Every structure is written in structure tokens, then in C-alpha cells.
Amino acid sequence: MNKETKQSIEKKVDSLLSIMTLEEKIGQMNQYNGFWDVTGPSPKGGNAEKKYEDIKKGLVGSMLTVRGVDQVRSVQKIAVEETRLGIPLIIGFDVIHGYKTLSPIPLAEAASWDLEAIKESAGVAASEAAASGINWTFGPNVDISRDPRWGRVMEGAGEDPYLGSKIATARVKGFQGDDLSDVNTIAACAKHFAGYGFSESGKEYNTVSIDRSTLYNVVLPPFKAAVEADVKTLMNSFNELDGIPATGNKFLQRDILKDKWNFNGFVISDWASIKEMISWGHAEDLNHAAELAVEAGCDMDMESYAYVDELVKLVKEGKVDEKLIDDAARRILTVKYELGLFDDPYKYCNEELEKTVIGSDANRAAVLDMAKKSIVLLKNEGNLLPLPKKGKKIAVIGALADDNNSILGSWRIASDDNSGVSILEGLQQYKGNKLVYKKGADVTVGQTAFTEELTINTTNTEDFDDAIAAAKKSDVVVMVLGEHGFQTGEARSRTELGLPGVQQELLEAVYAVNKNIVLVLTNGRPLTINWAEANIPAIVETWQLGTETGNAVAQVLYGDYNPSGKLPMTFPRNVGQIPIYYNHKQTGRPVNSDNNVFWSHYSDVENTPLYPFGFGLSYASFEYTNLQVSKSNISSEDTVEVSVNLTNTGKVAGKEVVQLYIRDLVASVTRPIKELKGFEMVSLEPGETKKVTLKLTKDELGFYNNDGEFIVEPGTFKIFIGGSSITSLETEITLN
Ligand code: BGC
């Protein structure tokens, strides 16, 4: 936005604020869920009547989960035509990985390490949501997490703050575009501020305890990146930090976000998180909760009824300064102006666009591209993959192969159920082989829904024999196993991370008759699949890839697309290793130097993970040679060029994500054994060599001290380069 537009918006907001009553300003800070049919007769059920009346009185600034041009127009009409000032509503929605046309779950997209593709994918989601009347998404989720027990890892970008920050920027830019007032862009919301990904023992909504160094260096950087990318809103979180719920946490929302980072958008609470401060034992009642939240810098209340019902009183009694209300309302109104809602409140309500944009061929092509890029090849012994295109008998086994719902993933509330291309449907398009499908066993029992607990099949193995018989007669078996799409997401924590239900048993039973197995994993979090890694020749991580899942998986299995994905999160060997992450600290006893037990390790499992962060294979193979630095003695103003030669030593063209890591050997606050500080995607023909150069500056060499100040300390840094966090080459530089 140029300076002139910014100043003119400021003026308009000021003049609007000057004629607003206290009640109307507080109204802007109130958001309701719109579960009733606003186009229908009178609203019924829940608090629908109150909500409806409050909109008419100008006491609602925003609605969430209203969707479709018809619905949005109807509710907007009430706000614009029936209230005193006619201030338009801002319409929010959880557009997490697509609206109707679904891209892969965010964790899967992160595995692409392809920032342009991720940005484009967010752009597709924004265009569909905007065409449906929506102007604001509750995304991206930028929570760093090291705990795959936590179900919401599927919504984020994994464990690494550097990759997470780059992806946060890409997603914010993808949603918001270059001009927020365009009809195909929407406001973004970086969430959940902050620390939610560290929920203790991976249990949903649990307490969090994070040391300052981890908070500043791991948790906060993706939020800072989002703010620097001009994200318009942030959502606070359900957890507490230092014993203070994030929603009422002044240190996070005022000191860091608004003061230190100069964030001038607005903060929304999470669903009822203002009210939940009562359950936390931090607020006495709703009145107290409203006071704490507004003081702490939470500008909008999602579904707590705290601001709308309590704030007027609090201001009139002198407990809350009206300046805080003005500040919050100003922030919210500014975003509404930036979206162009005051110029035309119905600008996002265009039936023609709704019909043509949603589900368009171009959008399907974009999500297919993203889906292919998100697949990670974990093992390919004896080059079992890619599959030959003809003359083979192939058995496809696993209920998830024939499922066009689960593969859509969680958090997709606007999409149609069963609207994905199943993996079986994808494979069936390759007609040269003889394909048979056998379910083998169900993964779930009964109904599956976003809001309901799933029942996993842990006993029924009656279809095993059928699958085993088919496997016996086949040349290759493709087994599609993993988690149901609703086994991850909010409130989907697990304590065991193996293949759910009877699937491990099925895998072993099939393996007993045919060892030529390609294991296609479909899941929303890292799994513990040690047995498979030890025994199964080929393993492909396909996550939940959205609408085009089957087409993407088939193209990869048949070699029409060469996989290049790299894991954004460590796969543990067992749950006891969690939290396990590549950028851990060295400890005082990192190795067994004295040949006794007194070193940092477990007595029953290795320290290493099953698959490390950054790992992923290709049908090509790559060799790294000749690591060089442009300068090995540097000052903090220097830029060091780190270069390496990458050769494709395989027989097919392929892409490789070259990864640069550093280690600060001695620091006033201890640093991780490795930190990702750069990466680049390189395409190579067979036999081709390219010199790849990555840059390091003080931004990459410094870190946050325990007061949250970014510092760069002199000393020696190790530099590593390779195709995963287990790098092959290293050198050193010294910062003077
Ligand atoms: C989630 C948020 C989401 C909100 C609105 C909450 O339960 O934590 O991430 O945006 O609901 O649906």
C-alpha cells in the first residue's frame, strides 16, 4: 500500500471513530460464528436470535464460518442497511489448505520446500474463498512443533524456525497478494500466538512451558516473519505461557507484537479463549476475563461474548481505558478499509466469480502440481519404484486406497465430502498392468467426522485372507496404509504413532507371502514405522494431498513425476524419543567417550531418528563435492558465499533441495548442533553438475539472547551442506 492510501485510510478511520458510540466501537471487536441460515426465515437455535439482534444493533464487527455469496450477502446486508453507521462486517473462515479445491495439508506442502508453489497454493485458496464472499482466513498456522503426538502438526510447517519463517512469508503473501482490495485476495492471520505447538506431552489444549531461548529463537521467528510480510491479523492461542494464558498475555501481545515488532494489524482471540481464562483459573468471571484480554492487547473476541457483554460496563466503571477500545477498533476498521469493504461491502459477493473460480481447471492443476511436489520418497531398495507401466500383476491393498474422503485431510470445512481422487482411482488410470484391489481391513469403524471422536478398527481382520490371496498372485503389492484424515487436526492427539488399528498386522501378513511391497503412507504427522523401514523395500510418504491425491500419487509411483520432497519434521523411532528434532543442543555429554554408561542416551533405543529432518530420496541420485566458502575469516558486515558442486549421478532427471546448516561452536547462550540457514531447489539432467551458491550474512549467524535481543557473537562456525540434516560435507568460518 502506498503512503498516500495509508494516510487517506488513517483519516477515514479517525473520522469514523469520532462519530461512533462506545457501544459501536466495542461492537467492532465482537465476532460471532454464523451457524444459522441467514437467508432463511427467522434465525433459530443456539444464540442465533441474540446474534441476529446484535448485528442489527451494530454490535458485531465480524462473522466467521458464513459461506457462499448468498449467505454472505444476506448477513452483510443487515450490517450495511440496518445499522446506524452501516459498517460492513469482515467475514472470516478457516481456509487452511484450500477452500473447495483442496491442496495438500500444510505439513505436506512444507515437505515441498518450494516457496513459490506454496505461495501459489495459498493464492488459489484465497481466490476460491474470496469468490465465496469471504475476506479473511484464519491461516497460516505458523506454530513450530517438535511433537508429532500433537494432532495440529498437520496444520503447520513442521519443526524448523528457518523453514517455518520462509513458509509463513510465502503463505501470507499468497493469501494477501499485492493488493488486499483485489477481489481474489483475502487478509491472512498468523496463528496461534504463541507456543501452542509446545503443548505438554502433545496433549491438546495442555499447558506449555518454554524457556526464553526457545521462545525467541524457535517459536517467535515465524510470527515475526509473518508480521514483516505485512500479515493483517494474528490469532492468540489456547495455551498459557509462564502461567498466563496467551489470550491475556501482555508480554506476548503488547510488549513483543505491538511494541517491539510494531504490528499495526489486529489480534483476534481463539474460539472462546477469553472465556477459557476462567477455566484456567486466571480470570474470576467473564467480566474479569474481558478486562484481562483487552488490557493484554487482544482486539477481537471470537465467540466468548465477553467484549460485547462486558466491555461497556468496564469502561464506564473506569476499569478499562477507552483509549484501548479506540485502538482496537481503529486496527479492525483499518483492515476493513484495506480490504475495500467500505468502497463496496459486496465486492466479494459476485455469483459469476463464485461459479467460475471455484473448482476451476486452473485451480485443480495448481493443487495437483503442489500435491506432486509434497510427496517424499523414504526408501527405494532395488529400485522397486517407479513401477513398470505394463505387463505386471499389481495388487492394491488397504482401505485408504479406495477412500476419496480421508485423503482430503482435516480442516477443510468448505469442501465437499468424498470429493478427492482416491489413490486407487489414480492408479487405475494406468491401464497397462493388471490391477486388483482388496481392502484387507477397515481403518475406522462407523462414521467419521471433523467434530467427532473416531473409532479405529482394532479387531476385525476378516478381510485379511482375501488380500493375502491377491498378494500371492501379484508381482508387486501397493499397500496404502496410515491415518484417517480426521486422525490429525485439532483435538486429535495420539500417544502411539504406529500404523493405527490392525494395519501393521495386515502389512506383516501380506509381507509373509510377497515381499515386493510398495508402502504408500497416507497420514498427517510423522509415524513410527520401524518394522516397515527394516523390511519393506519401497516407502512413499504421501500425507493427505487433497483433491488431486490419487493423480499425484499415481504419477509418482509410475515415474511420470520424480519425487523431490524432504521431511519438514523428524520421524522418531518410538514415542519415547519425543520431542525429537534435528536442531537440538549438544549437552555436556554428547558422546560415549569413556566407554561407560554416563553419556546422554537411552539404554533401549538409539539417539538417532528413523528419518531425519530434511530427508527425502529421488529416482535420481545426487553427489555433493567441492564445498567452498568465499572467505573464511569474516567481519559481521561480510556476506559469505558457500558453494558446492551437485551432480546427478542417476539415470533420470531430478530435483534436489540443497540444504545449508551452521553451528555456532561457542556462544553466550548455547546453540543447536545444527541450524538450517539456507536452501535451494536445483534441477539436474542425468550426469549434469551444477555449482550451487548460498549466502550467509549476520542475519543467519546471529541469534536472540535471553532478553530477546538479536546478537551476533564472534567465533567459529561450522558450515554443513547436504541433502538432509545429516549432511555430507563441512567446513568452518571465523567471525572476528
Ligand atoms: C481453532 C482455530 C480456528 C478457530 C475457528 C479454533 O478451535 O483453534 O485455529 O481458527 O477454531 O474455527
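As the structure is a prediction and not an experimental result, all values here were calculated from the model.

**Quick look at the overall build of the protein chain**
Secondary structure summary: the protein chain contains 22 helices and 28 strands in total. A globule of 736 residues ought to have a C-alpha radius of gyration of about 27 Å, and the protein chain, at 26 Å, matches this closely. Counting only C-alpha atoms, the protein chain reaches 75 × 65 × 45 Å along its principal axes. Across the 736 residues in the protein chain, those meeting the buried criterion constitute 62%. Partitioning the intrachain contacts of the protein chain with sequence separation of at least 6 by distance along the chain shows that 78% fall at a separation of at least 24. Across the protein chain, the mean location of the 76 positive side-chain charges is 3 Å away from that of the 102 negative side-chain charges.

**Some details on the packing of aromatic side chains**
Inspection of the entire model under this criterion finds 23 aromatic pairs. On the numbers, 4.2 Å between centres and 15° between planes, the contact of Tyr430 with Tyr558 is stacked. One end of the pair, Tyr430, is in the loop between α17 (423-428) and β13 (434-438); the other, Tyr558, is in the loop between α21 (549-557) and β19 (622-629), with 128 residues separating them in the sequence. By relative accessible area, Tyr430 is classed as buried at 17%. Judged by centre distance (6.4 Å) and plane angle (75°), the rings of Trp543 and Phe571 are edge-to-face.

**Re the pattern of salt bridges**
By the definition in use, this model includes 45 salt bridges. Between Glu548 and Arg364 there is a salt bridge, with the nearest N and O atoms lying 2.6 Å from each other. Placement of the pair is Glu548 in the loop between β18 (538-541) and α21 and Arg364 in helix α16 (residues 361-374), with a sequence separation of 184 residues. In this structure Glu548 comes out as buried when scored by relative accessible area, which is 6%.

**With respect to the site of the ligand**
Neighbouring the ligand are the residues Leu64, Asp94, Phe138, Arg152, Lys191, His192, Met235, Phe238, Asp270, Trp271, Met302 and Glu490. In this structure, Arg152 approaches the ligand through a side-chain N or O atom, which is 2.7 Å from an oxygen atom. A distance of 2.8 Å separates an oxygen atom of the ligand from a polar side-chain atom of Lys191. Coverage of the ligand by the protein chains reaches 91% of its 310 Å² of free accessible surface.

**Concerning the side chain of Lys232**
Along the polypeptide, Lys232 turns up in the loop between α9 (221-228) and β6 (233-236). Exposure remark for Lys232: the relative accessible area of 9% places this residue in the buried category. Those residues in contact with Lys232 that lie beyond four places of it in its chain are Gln176, Leu180, Ala187, Ala188, Phe263, Gly265, Phe266, Val335 and Glu338.

**Quick notes on the nonpolar core**
Of all hydrophobic cores here, the largest spans 102 residues; its most connected members are Leu220 and Tyr307. Counting residues per element, this core draws most heavily on helix α13 (residues 306-316), at seven residues. With near-sequence residues (within four places) excluded, Leu220 lies in contact with Phe193, Ala194, Leu215, Leu252, Ile256 and Trp261. Ranked by size, the runner-up nonpolar core spans 79 residues in total, among them Val376, Ile397, Val510 and Val556.

The rules behind these values
Residues numbered from 1 in each chain as written. Predicted model: local features only at pLDDT ≥ 70, side-chain atom pairs only at ≥ 80, totals over all residues. Heavy atoms only, no water. Helix = DSSP H or I, 4+ residues; strand = E, 2+ residues; numbered from the N terminus. Rg over C-alpha atoms; globule rule 2.2 N^0.38 Å. Buried < 20%, exposed > 50% of the residue type's maximum accessible area, 1.4 Å probe, protein only. Contact = heavy atoms within 4.5 Å. Lys, Arg positive; Asp, Glu negative; His and termini not counted. Charge placed at Lys NZ, Arg CZ, Asp CG, Glu CD. Phe/Tyr/Trp six-rings, centres within 6.5 Å; stacked < 30°, edge-to-face > 60°. Salt bridge = Lys/Arg side-chain N within 4 Å of Asp/Glu carboxyl O. Near = heavy atom within 4 Å. Polar contact = N/O pair within 3.5 Å; in protein donor to acceptor, adjacent residues only side chain to side chain. Areas by Shrake-Rupley, 256 points an atom, 1.4 Å probe, with all protein chains shown as cover. Core = buried A, V, L, I, M, F, W, Y, C linked by side-chain atoms within 4.5 Å.

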